[in-house]
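Report on the structure
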Amino acid sequence: MTSRWTTAVLDTDQPGGWAVARSPEGFLFDDNGALFPREWLKRQDLSILAEHGIGHLDGEPVYLLELRSTSEVPGCSWKGLRAFMLDGDHTIYKVLGYAAQIGTWAREHRFCGNCGQAMTQVPRERAMYCQPCDLRSYPRISPSMIVLVTRGDEVLLARSPRFVTGVYSTLAGFAEPGESAEDCLIREVREEVQIEVKNIQYMGSQCWPFPHSMMLGFHAEYASGEIVCQEDEIEDAQWFNVHDLPPLPASKSIARYLIDVYVARRLGHAEPVLPG
Ligand SMILES: NC(=O)C1=CN([C@@H]2O[C@H](COP(=O)(O)OP(=O)(O)OC[C@H]3O[C@@H](n4cnc5c(N)ncnc54)[C@H](O)[C@@H]3O)[C@@H](O)[C@H]2O)C=CC1
Ligand SMILES: [Mg+2]
Ligand SMILES: [Zn+2]
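Conventions used here
Residues numbered from 1 in each chain as written. Chains lettered and ligands numbered in written order. Predicted model: local features only at pLDDT ≥ 70, side-chain atom pairs only at ≥ 80, totals over all residues. Heavy atoms only, no water. 1 Å grid on protein atoms, 1.4 Å probe; cavity = no way out; pocket = protein on both sides within 12 Å on 5 of 7 lines; lining within 4 Å. Points joined across faces, edges and corners; volume = space filled by probe spheres on them. Helix = DSSP H or I, 4+ residues; strand = E, 2+ residues; numbered from the N terminus. Nonpolar A, V, L, I, M, F, W, Y, C, P; charged D, E, K, R; others polar. Domains from an automatic or database assignment. UniProt positions renumbered as here; feature names shortened; annotations may be inferred. Donors = N, O, S within 2.8 Å, 3.2 Å for Na, K, Ca; no water. Buried < 20%, exposed > 50% of the residue type's maximum accessible area, 1.4 Å probe, protein only. Expected span 1.5 Å × (residues − 1). Contact = heavy atoms within 4.5 Å. Buried area = accessible area lost by both parts, 1.4 Å probe. Core = buried A, V, L, I, M, F, W, Y, C linked by side-chain atoms within 4.5 Å.

Examining the layout of surface pockets
Taken as a whole, the largest pocket spans an internal volume of roughly 1,100 Å³. Lining the largest pocket are 35 residues, and of these Arg82, Arg162, Phe163, Ser169 and Trp208 sit closest to its centre. Looking at the lining of the largest pocket, the elements that each hand over two or more residues are α2 (81-87), β11 (142-151), β12 (154-159), β13 (171-174), α4 (181-193), β15 (213-224) and α5 (254-267). Per element, the largest residue contribution to the lining of the largest pocket is 4 residues, and it comes from β13. Its residues assigned to classes, the lining of the largest pocket comprises 20 nonpolar, 8 polar and 7 charged. Taken together, domain 1 (5-107) and domain 3 (142-267) each give at least three residues to the lining of the largest pocket, which thus spans both. Considering only enclosed or pocket space, the second largest pocket measures out at about 380 Å³ in volume. For the lining of the second largest pocket, the secondary structure elements donating two or more residues are β1 (5-10), α3 (90-108), β14 (196-208) and β15.

Thoughts on the UniProt feature "short sequence motif: Nudix box" (unreviewed entry) in the chain
In the UniProt entry, the feature "short sequence motif: Nudix box" (unreviewed entry) is given for residues 173-194. A distance of 14 Å separates the end C-alpha atoms of residues 173-194, which is 59% helix and 9% strand.

Let's talk about the coordination of the magnesium ion (ligand 2)
Protein coordination of the magnesium ion (ligand 2) is provided by Ala172 (O) and Glu192 (OE), with donor distances spanning 2.1 to 2.2 Å. Taken as a pair, Ala172 in strand β13 and Glu192 in helix α4 lie far apart in primary sequence, 20 residues in all. Look at Ala172 and you get partly exposed, because its relative accessible area is 30%.

Structural notes on α4
When the terminal C-alpha atoms of α4 are compared, their 18 Å separation across 13 residues agrees well with the 18 Å that a helix rising 1.5 Å per residue should span. Buried within α4 we find Cys184, Leu185, Arg187, Glu188, Val189, Glu192 and Val193. Its buried side turned inward, α4 meets β11, β12, β13, β14, β15 and β16 (236-241). Two residues or fewer past α4, Gln194 is found with a positive phi of approximately 60°.

Observations regarding the domain arrangement of the chain
For the chain, the assigned domains read domain 1 (5-107), domain 2 (109-139) and domain 3 (142-267). Taken over C-alpha atoms, the centre of domain 1 sits 32 Å from the centre of domain 3. Listed per partner, the contact involves 9 residues of domain 1 and 8 residues of domain 3. The contact between domain 1 and domain 3 buries some 870 Å² in all, and 64% of this surface belongs to carbon and sulfur atoms. Sorting the residues of domain 1 by area buried against domain 3 places Arg82, Met85 and Gln101 first, and these three jointly supply 52% of that buried surface.

Concerning the nonpolar core
Ranked by size, the top nonpolar core spans 38 residues in total, and within it Phe27, Leu96 and Leu157 carry the most contacts. The element contributing the most residues to this core is α5, with 8 residues. In terms of domain composition, this core takes at least three residues from each of domain 1 (5-107) and domain 3 (142-267). With near-sequence residues (within four places) excluded, Leu157 lies in contact with Leu148, Tyr168, Ser169, Thr170, Asp236, Ala237, Gln238, Phe240, Leu245, Pro246, Leu248 and Ile259. Within the second largest apolar cluster, 19 residues are counted, among which are Val147, Val193, Ala220 and Tyr222.

Spelled out as structure tokens, the structure:
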């Protein structure tokens with residue numbers, strides 16, 4: 001099956017195509033969704049910081065208008081990326097997730113980190129360039145490990161104070177310089193719950209554009225230790241029986257996938273598919 005959405009670096013001097021608009025309040029949308037005819041959108045009263053050609057949807061070029069501030073557009077409203085993930089078409093969420101990552105990165109790399117001078121967009125490449133330093137900055141991606149630790153019929157799930165009330169999820173954390181994926185996973189589980197794990201198995205990955213994580217998902221078995229929650233980071237962590245699980249993360253997340261796969265295996269059900 002060919003993908004409906006492919007990323008590309010498009011020339012913003014070319015006319016036509018679709019456009020999405022992103023402000024501090026999220027993406028613009030109306031009854032037809034978040035994609036607007038680009039020429040129409042550019043005639044609206046928007047405070048455009050930058051324009052990026054980001055790819056093709058069903059063969060049509062798509063651009064991002066990154067705005068300085070939120071403006072009123074008649075008949076339209078603004079909505080955050082998370083809401084598009086939860087209730088929208090998955091392909092549109094992929095377009096908007098990519099747009100959000102490019103918009104954030106370009107906005108945060110307008111000036112050279114080495115000399116402080118203004119950087120420029122490199123034509124035909126997704127990079128910002130500082131001529132005096134001959135320095136290119138590419139979109140930032142932050143690898144994060146996410147792991148479901150299990151002990152027979154039990155799974156280890158935890159709550160961060162940032163989660164929706166009642167929801168428990170798998171453990172996760174950002175890789176630090178000098179670490180392998182496995183080193184990071186072992187350290188994060190130790191730090192967050194003081195548990196040791198064994199038999200680490202890679203399960204799959206997922207782009208998580210909040211704002212620029214690349215989630216690498218694993219399964220690991222419990223080896224030793226008693227749960228001790230990390231202060232401030234982990235509000236509660238428990239072993240839950242697969243027959244008696246708490247409220248879980250959103251169905252399209254890799255956290256949910258890791259849990260659903262394990263439960264399906266234990267109960268002999270069909271395995272779910274990880275949303276790309
Ligand atoms: N897609 C999914 O199913 C899930 C995704 N996640 C994502 O995984 C990522 C990591 O999870 P957390 O438990 O929050 O991480 P974590 O356990 O490493 O703790 C977060 C702390 O890491 C530091 N930090 C923030 N950004 C960083 C970066 N880019 N590199 C290194 N350190 C950084 C900050 O001190 C922050 O308070 C987050 O982006 C989170 O949204 C987490 C759970 C589920
Ligand atoms: Mg964490
Ligand atoms: Zn420079």
